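Listed below, chain by chain, are the residues.
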Amino acid sequence: MSNTFHFLGEPLLEFGHGQTAEDPHDGLALFGPAEARQQLPDNIVLGTASGIEAWKNWCAALNAPASCIDPARHRAWPPFPGFDVAFGAKWPSPVRSYAIDAGKLSDASRKADKHDRAFAVTGLYMEQVEKLGKLDSRPALAICVVPDEVFENCRPNSIIPLSKRSDVGRSRDERSFLEQAIVDRETGQQGMFDDFEDEAVTAVLETLETFEESRSYSPDFRRQLKGRLMGLDLPVQIIKESTLHITPKVRLGEKGENPLSDRLWNFGTAIYYKCGAKPWKTPWAREGVCYVGLAYKLAENKRTACCAAQMFLDSGDGVVFVGEFGAWYSAKTGEYHLPPEKAEALLRGTIETYQEQDGRPLKEIFLHTHSGVSPEEYRGFLKAVPEGVKLISIRVRQDRGGQRLYRYDDHPDVGKRGQYPVQRGVFWQRTSRHGLLYTNGFKARIASYDGFEIPVPLSITIQFGEGDIVQVAKDILGLTKLNYNSCQLGEGRPITIKYSDRVGEIILANPGLPQTSWKHNFKYYA
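Below you will find a few notes about this structure.

## Description of the overall build of the protein
- Along the protein, the regular secondary structure elements total 17 helices and 17 strands.
- Within the protein, the fraction of its 526 residues that count as buried is 52%.
- Long-range pairs, those at least 24 residues apart, make up 72% of the contacts in the protein with a sequence separation of at least 6.
- Entry remark: accessible area of the protein is about 24,100 Å², with carbon and sulfur atoms responsible for 49%.

What follows is the structure, given as structure tokens:
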């Protein structure tokens, strides 16, 4: 069958009492979460004095309703009924607040070197987290309120103007000297100052140690903080201070502002999940069927890559397994591929982790990749699959250079382009093993299109194994609704592809993070 069009509809989600709805806003407001909690575990908050005060006000806002003043906008921006109504429990105040000196935080965020900035800022937050050892019980979640200045300065491509720097920065010669000293240490070579023990050399060695440690973590503050807190078994929710500011204008959702109701929905969903409970589940998932997203992340040296797999179960749970580092990337093809033995090891480790976490027998494994899988890789993956279990390898990626679908109004002006684009859920089946799935487009529930460009479809290809391409497309559309980090009707990419990337970002970007710190639960990466 070729060039056949299917409308798959909007997949349902399951909420409290086994009830279903298309939209998470509707399901939570009407039925509550799929996994109810009468009381949520403790949380802590870290930030400046003003950030902590803003967080206290935000907690009060979470436990109250909010909506746009214009009812016509309620379909696009649904009213927030209050945390206790949506999630069945009152959001608790933090069990502890840890204040960080605003001046020190500002100075740290204005260091000249990007690695120094992120390392110094993260260090100030980590100093406060270390105080947790004095508590009788550990919190389930850390809320990190970040001043906007820190958020803007501590990204990999941020540059601090000379007039605003808090230090003079290292010269090119000093950086070269320290980098060479690191190489000498790693290769066992005699360094140029190893025979000296005076105070000057001691200071240089201390500088070298700090320099070396700062380079073993990501220059992205967000990724570094998540990685280092993972080592302390503590999920984190990072939020900008300005997001917490509540004014009548923002609360009512005036034009040009992101309504408070939308921010409360997204934030409430994320923290409920990170506290250990799922807001919704997948009633369409088939028992014994799991979906594995394969993701790679290239190191700054453009040679080494990290491979990670994330398995999603019919329950909505995500199991993370991180593979080995290696030269998996080809600059010639722009793709990532594993040797057969590494492919086997990665999938075998993922399946073993699943069996430890869940234990139910598997029937089918759908492997989602962006780069695709080579015949040699597939044979490696097959060796890891238990007997009697089917393995279907599917390449999923955006089709930006291909054909497009346009929607036309059904009225006497035939041929006139419609006001809205093609509807989300349309699947253009090109062959029995390939098709284009529109995960973006007009959404009937909100009676609008919430994008800014002509919708780009996902190209879906069954590369190896036998499967029904329409069923594969239905599963992928359903997986666009499993992002617990926000409250949305659906996203453009399935979580197997989009959020497996987060694992690689955090693990590879922080080579100083020991493997013993890596966690299997996705809430540490979201």
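Once the structure has been displayed, the description carries forward.
## With respect to the nonpolar core
- Trp 55, Phe 83, Trp 91, Ile 143, Ile 394, Ile 460 and Tyr 525 are the most contacted members of the largest nonpolar core, which totals 76 residues.
- For Ile 460, the residues in contact, after removing those within four places along its chain, are Ile 394, Arg 395, Arg 433, His 434, Gly 435, Leu 437, Ile 469, Val 472, Ala 473 and Ile 476.
- Formed by 30 residues, the second largest nonpolar core is a distinct cluster that contains Val 292, Cys 307, Tyr 336 and Phe 381.

## Quick word on the sheet that holds strand β7 (residues 236-240)
- Across the sheet, four strands lie side by side as β5-β4-β6-β7; this open sheet has parallel pairing. Two strands lie at the open edges of the sheet, namely β5 (96-99) and β7, each paired on one side alone. Looking at each pair of strands side by side, their axes are set apart by 20 degrees on average, direction ignored.
- As defined by bridge partners, strand β4 (residues 43-47) adjoins β5 across four bridges and the pair is classed as parallel. By the bridge assignment, Leu 46 is partnered in β5 with Tyr 98.

## Topic: unusual backbone geometry
- One non-glycine residue, Asp 233, adopts positive backbone phi at about 60 degrees.
- Note on placement: Asp 233 falls in the loop between α9 (221-230) and β7.
- For Asp 233, a relative accessible area of 41% puts it in the partly exposed group.
- The backbone of Ala 447 shows a phi angle near 55 degrees, a positive value even though the residue is not glycine.
- Assignment of secondary structure puts Ala 447 in the loop between β16 (434-437) and β17 (458-464).

## Examining the packing of aromatic side chains
- For the structure on display, the rule yields 19 aromatic pairs.
- Here the aromatic rings of Phe 5 and Trp 428 are separated by 5.3 Å at their centres, their planes lie at 20 degrees, and the arrangement is stacked. Taken together, the residues Phe 5 in strand β1 (residues 4-7) and Trp 428 in strand β15 (residues 426-431) connect sequence positions 423 residues apart.
- The exposure class assigned to Phe 5 is partly exposed, which follows from its relative accessible area of 48%.
- An aromatic cluster is built from Phe 15, Tyr 273, Trp 280 and Tyr 484, whose rings are joined through pairwise contacts.
- In this structure, Arg 228 packs its charged tip against the face of Tyr 217, placed 5.0 Å from the ring centre.
- Note that Arg 430 overlies the ring of Trp 428, its terminal NZ or CZ placed 4.4 Å from the centroid.

## Details of helix α12 (residues 260-274)
- Along its 15 residues, α12 runs 21 Å from first to last C-alpha, staying within 8% of the 21 Å computed at 1.5 Å per residue.
- For α12, the tally of buried residues reaches 14 of 15 residues, placing the bulk of the element in the interior.
- One or two residues past the end of α12 sits Gly 276, with phi positive at roughly 105 degrees.

## A few points about the sheet that holds β15
- Here nine strands make up an open sheet; going across it, the order is β1-β15-β16-β17-β14-β13-β8-β9-β10 and the pairing mixed. If you trace the sheet from one side to the other, it starts and ends with β1 and β10 (318-326), each paired once. Strand after strand, the sheet turns through a mean of 25 degrees between neighbouring axes, direction not considered.
- Of the strands in this sheet, β8 (289-298), β9 (305-312), β10, β13 (364-369) and β14 (390-398) are in contact with helix α13 (residues 340-357), which crosses β10 at around 155 degrees.

## Side note on the side chain of Thr 122
- Mapped onto the elements of the fold, Thr 122 is located in helix α5 (residues 114-129).
- Filtering out sequence-adjacent residues up to four positions away, Thr 122 remains in contact with Phe 221, Gln 224, Leu 225 and Arg 228.

Definitions and cut-offs
- Residues numbered from 1 in each chain as written.
- Predicted model: local features only at pLDDT ≥ 70, side-chain atom pairs only at ≥ 80, totals over all residues.
- Heavy atoms only, no water.
- Helix = DSSP H or I, 4+ residues; strand = E, 2+ residues; numbered from the N terminus.
- Buried < 20%, exposed > 50% of the residue type's maximum accessible area, 1.4 Å probe, protein only.
- Contact = heavy atoms within 4.5 Å.
- Areas by Shrake-Rupley, 256 points an atom, 1.4 Å probe, with all protein chains shown as cover.
- Core = buried A, V, L, I, M, F, W, Y, C linked by side-chain atoms within 4.5 Å.
- Pairing = 2+ DSSP bridges.
- Axes fitted to C-alpha atoms, helices over the stretch in contact; angles between N-to-C directions.
- Phe/Tyr/Trp six-rings, centres within 6.5 Å; stacked < 30°, edge-to-face > 60°.
- Lys NZ or Arg CZ within 6 Å of the ring centre and 35° of its normal.
- Expected span 1.5 Å × (residues − 1).

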